[in-house]
Amino acid sequence: MMRLQAKSLGENPQDWFWPFWLALPLYPYYKRRTICREVVKDTIWTFDQLHGILYAIVPIRMTVIKLDAGGLLVYAPVAATSECIKLVKDLVARHGEVKYIILPTSSGLEHKVFVGPFARCFPQAQVFIAPHQWSFPWNMPLSWLGFPQKRTQILPEDSSQAPFGDELDYAILDINLGGGAFVEVAMLHKRSRTLLVTDTVLSIPEDPPAISQLDPYPLLFHAREHAQQTIVDNPTNRRQGWQRICLFAIYFRPSTLQITGLWQMFRDAMQAPDHSHKAYFGLFPFRWQENWQHSFNALRGHGRPFVAPILQSLILPQDPNQVINWANRVAKWDFQQIIACHFDAPFAASPDEFRQSFAFLENNSSRMNLQPLLETDMRFIKELESNLVQRGIATPAKNRI
């Protein structure tokens, strides 16, 4: 594995413009910067952008692979801004056309919404999508969702039947949720021993990724202790803000976070040094307990792969047998690193470490996760799960294996 310097195209805001931001109105809305990083020399590149809410923003990632047979394969496209497309076309000029575009999920709207616009920028590419695509509140034809009708097809169940099957293997996790499906396609690039995943496993870096440091304001916003504190840019505050953003993004409401009441929030806002729109008019209703760093360290677990709590509680327990069978299949592959669509990438991980990430679905498992997430931090998501089940929105989890 080889890491090279991240590459962007400079400071022209017109290159960052994303005209379809209203289809999924997440920060940074209509301005999305892109960083390209070569992670396997002359073979694999990642393209990072940002998304989130209330400045709790994390990377969203596309991966591009050079095929030995010629051309490029794109896994999980991101927003097709001018900057992003120019960076991809730099690779096209050196390594050949984009031949295949992969949508590796059926439920991840934050990935699905980018496929159509990206595919239109590369009209010669074939689009392969995960099975059981669905939309809300109505299921609509794929062409209505922007997918090119004549170039879009479902991934064959048998990866050897795919035109790129000699170089990449894949395994499809497909869980029926009633109103839709949770589908994820894990893909192995055999030659580089690299596993690509979308949402099922991830790893948390200790320091903020490069894409979040192009504009550090969200990091510094969340590094503060209270609304009256002035924003100061330094490496310590950037790291502190990033680590708190991770706790927000993973747990929604971690145990070490307190939310002030409305009266206190508005009173604090009146005393804030910045009342601009950028600073949310001085509103900052967050108070972190002194032990918040302990929560982050437990979450990070020295960078080990893990399954996000929302999947642990609400999604994967809907079909534990299928998940374990899928994880067992992936764990038979020979890989040494994982590229996930969020947070850190690539991160070193063995097949056994990947398999251990799913031990929460098993009783008395010999593959116990040695660094579990804190139960106190999981409490809010557990309560959310219970409320959704009581209202009939979600179904109860099935028994562990």
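For clarity, every value in this text was computed on a predicted model and none was experimentally measured.

(A) The arrangement of the overall build of the chain in detail. Along the backbone of the chain there are twelve helices and 14 strands. Taken over the C-alpha trace, the chain has a radius of gyration of 21 Å; the compact-globule value for 401 residues is 21 Å, and the two agree within 12%. By principal-axis analysis of the C-alpha atoms, the chain measures approximately 60 × 55 × 45 Å. Out of the 401 residues in the chain, the part that is buried amounts to 55%.

(B) Spatial organisation of the packing of helix H6 (residues 235-251) against helix H8 (residues 292-300). Closest axis-to-axis distance for the H6/H8 pair is 10 Å, and the angle between their directions is 65°. The orientation of H6 with respect to H8, classified from their angle, is roughly perpendicular. Seen from above, H6 lies across H8 with left-handed handedness. Where H6 approaches H8, its residues Gln-240, Gln-243, Arg-244, Cys-246, Leu-247, Ile-250 and Tyr-251 are matched on the opposing element by Trp-292, Gln-293, Ser-295, Phe-296 and Leu-299. For the contact of H6 with H8, the residue count by class is seven nonpolar, four polar and one charged.

(C) Helix H10 (residues 320-331), seen in detail. The end-to-end C-alpha distance of H10 is 16 Å, a good match for the 16 Å that twelve residues give at a rise of 1.5 Å each. Here H10 has its buried residues at Pro-320, Val-323, Ile-324, Trp-326, Ala-327 and Val-330. Down the axis of H10, the sector holding all buried residues measures 160°, keeping them to one side. Along its buried surface, H10 packs onto strand S8 (168-176), strand S9 (181-189), strand S10 (194-196) and helix H11 (351-356).

(D) Representation of the packing of aromatic side chains. As enumerated under the stated definition, the model contains 27 aromatic pairs in all. With 6.3 Å between their ring centres and 40° between their planes, Tyr-217 and Phe-221 make a pair best called tilted. With Tyr-217 and Phe-221 both in helix H5 (residues 217-223), this residue pair falls four residues apart, about one helical turn. Here the basic side chain of Arg-224 rests over the ring of Phe-284, its NZ or CZ set 4.2 Å away from the ring centre. The ring centre of Trp-292 lies 4.6 Å from the NZ or CZ of Arg-244, which sits over that ring.

(E) Summary view of unusual backbone geometry. A cis amide bond links Tyr-27 with the next residue in sequence, Pro-28, at an omega value of 10°. Positionally, Pro-28 belongs in the segment before strand S1 (35-40). For the bond running from Ala-345 to Pro-346, omega is -15°, close enough to zero to count as cis. Turning to its location among the elements, Pro-346 is positioned in the loop between strand S13 (337-339) and strand S14 (347-348). Positive phi values are uncommon outside glycine, yet Tyr-29 reaches one of about 60°. Among the secondary structure elements, Tyr-29 is positioned in the segment before S1. Positive phi, close to 60°, is recorded for Phe-343, a residue that is not glycine.

(F) Broad picture of the nonpolar core. Counting residues in hydrophobic clusters, the biggest one holds 34 residues, and the most contacted among them are Ile-204, Ile-250, Leu-299 and Phe-343. Elements with a minimum of two residues in this core: strand S3 (56-66), H5, H6, strand S12 (286-288) and H8. By residue number, the principal contributor to this core is H6, which donates seven residues. Aside from chain neighbours lying at most four places away, what touches Phe-343 is Val-58, Pro-59, Arg-61, Leu-202, Ser-203, Ile-204, Pro-205, Trp-242, Cys-246, Ala-249 and Ile-250. Among the nonpolar cores identified, the runner-up in size contains 33 residues, and Trp-45, Val-98, Val-115 and Ala-119 belong to it.

(G) Spatial organisation of the pattern of salt bridges. Using the criterion set out here, one finds ten salt bridges in the structure. A salt bridge links Arg-239 to Glu-206, with the nearest nitrogen and oxygen atoms 3.9 Å apart. Of the two residues, Arg-239 sits in helix H6 while Glu-206 sits in the loop between S10 and helix H4 (210-213), which places them 33 residues apart along the sequence. With a closest N to O distance of 2.8 Å, Asp-233 and Arg-238 form a salt bridge. Overall, the relative accessible area of 44% leaves Asp-233 in the partly exposed class.

(H) Molecular detail of the side chain of Ser-106. The residue Ser-106 is located in the loop between strand S5 (98-103) and helix H2 (109-112) in this model. Within the local environment of Ser-106, its side chain forms a polar contact with the backbone nitrogen of Val-183, the two atoms lying 3.4 Å apart. Other than its neighbours up to four places away in sequence, Ser-106 contacts Lys-112, Ala-130, Pro-131, His-132, Gln-133, Trp-134, Ala-181, Phe-182 and Val-183.

(I) Seen up close, the sheet that holds S14. What the five strands build is an open sheet, ordered S8-S9-S10-S13-S14; its pairing is mixed. Every interior strand has two partners, whereas the edge strands, S8 and S14, have only one. In terms of strand pairing, S9 meets S10 through three bridges, oriented antiparallel. Following the sheet pairing, His-189 is matched in S10 by Thr-194. Seen against the sheet, H10 touches S8, S9 and S10 and runs at an angle of roughly 170° to S8.

(J) Summary view of a nonpolar patch on the surface. Nonpolar side chains collect at one region of the surface, where Phe-17, Tyr-29 and Tyr-30 lie side by side and expose about 290 Å² of accessible area between them. With respect to the helices and strands, Phe-17 occurs in the segment before S1. Classification of Phe-17 as partly exposed rests on a relative accessible area of 44%.

(K) Region of the structure containing the sheet that holds S5. Ordered by their spatial adjacency, seven strands build an open sheet running S1-S2-S3-S4-S5-S6-S7, and the pairing between neighbours is mixed. Two strands bound the open sheet, and with one partner strand each, they are S1 and strand S7 (152-154). Each adjacent strand pair in this sheet contributes to an overall mean axis angle of 25°, direction not counted. Pairing geometry for S1 and strand S2 (residues 44-53), over five bridges, is antiparallel. Along S2, the bridge assignment pairs Val-40 with Ile-44.

About the thresholds
- Every chain begins its residue count from 1, and numbering advances along the sequence as written.
- With pLDDT at 70 or above as the cut-off, local features in this predicted model cover only qualifying residues; side-chain atom pairs require 80 or more to be listed or tallied, and sums for whole chains, interfaces and linings still use all residues.
- Values reported for side chains reflect all heavy atoms of the structure, with hydrogen atoms and water molecules removed beforehand.
- Helix and strand definitions follow DSSP, with helices as H or I runs of at least four residues and strands as E runs of at least two, each counted in order from the N terminus.
- All radius of gyration figures rest on C-alpha atoms, and the globule criterion is 2.2 Å times the number of residues raised to 0.38.
- Accessibility here uses a 1.4 Å probe with only protein chains present; expressed as a share of the type maximum, an area under 20% marks a residue as buried, one over 50% as exposed, and anything in between as partly exposed.
- What counts as an axis is a line fitted to C-alpha atoms, over the stretch in contact for a helix, and the angles between N-to-C directions run from 0 to 180 degrees.
- Here the word oblique covers every angle except those under 35 degrees (roughly parallel), over 145 (roughly antiparallel) and from 65 to 115 (roughly perpendicular).
- Should the near helix be turned anticlockwise from the far one by less than a right angle, the crossing is termed left-handed; should it be turned clockwise, right-handed.
- Pairs of residues are marked as contacts when any of their non-hydrogen atoms sit within 4.5 Å.
- Following the grouping adopted for this structure description, the nonpolar residues are Ala, Val, Leu, Ile, Met, Phe, Trp, Tyr, Cys and Pro, the charged ones are Asp, Glu, Lys and Arg, and the polar ones are all others, Gly among them.
- Multiplying one less than the number of residues by 1.5 Å gives the expected span of a helix.
- Arc definition: directions from the helix axis to the C-beta atoms.
- Only centres within 6.5 Å qualify two rings of Phe, Tyr or Trp (six-membered ring in Trp) as a pair; their planes then separate them into stacked at under 30 degrees, edge-to-face at over 60, and tilted for everything else.
- Criterion for a charge above a ring: Lys NZ or Arg CZ within 6 Å of the ring centre, and within 35 degrees of the ring normal.
- Here, nonpolar core refers to any group of buried Ala, Val, Leu, Ile, Met, Phe, Trp, Tyr and Cys residues whose side-chain atoms link them within 4.5 Å.
- The term salt bridge refers to a side-chain nitrogen of Lys or Arg lying within 4 Å of a carboxyl oxygen of Asp or Glu.
- Within 3.5 Å is the distance limit for a polar contact, defined as a pair of N or O atoms, with the added protein rule that one can donate a hydrogen and the other accept it, and that residues adjacent in sequence qualify only through two side-chain atoms.
- Between any two strands, pairing holds if DSSP finds at least two bridges.
- Patch definition: residues with relative accessible area over 30% and no salt bridge; like charges joined within 9 Å; nonpolar side chains (Val, Leu, Ile, Met, Phe, Trp, Tyr) joined within 5 Å.
- Accessible areas in this description were obtained via Shrake-Rupley with a 1.4 Å probe; residue shielding takes into account the shown protein chains only.

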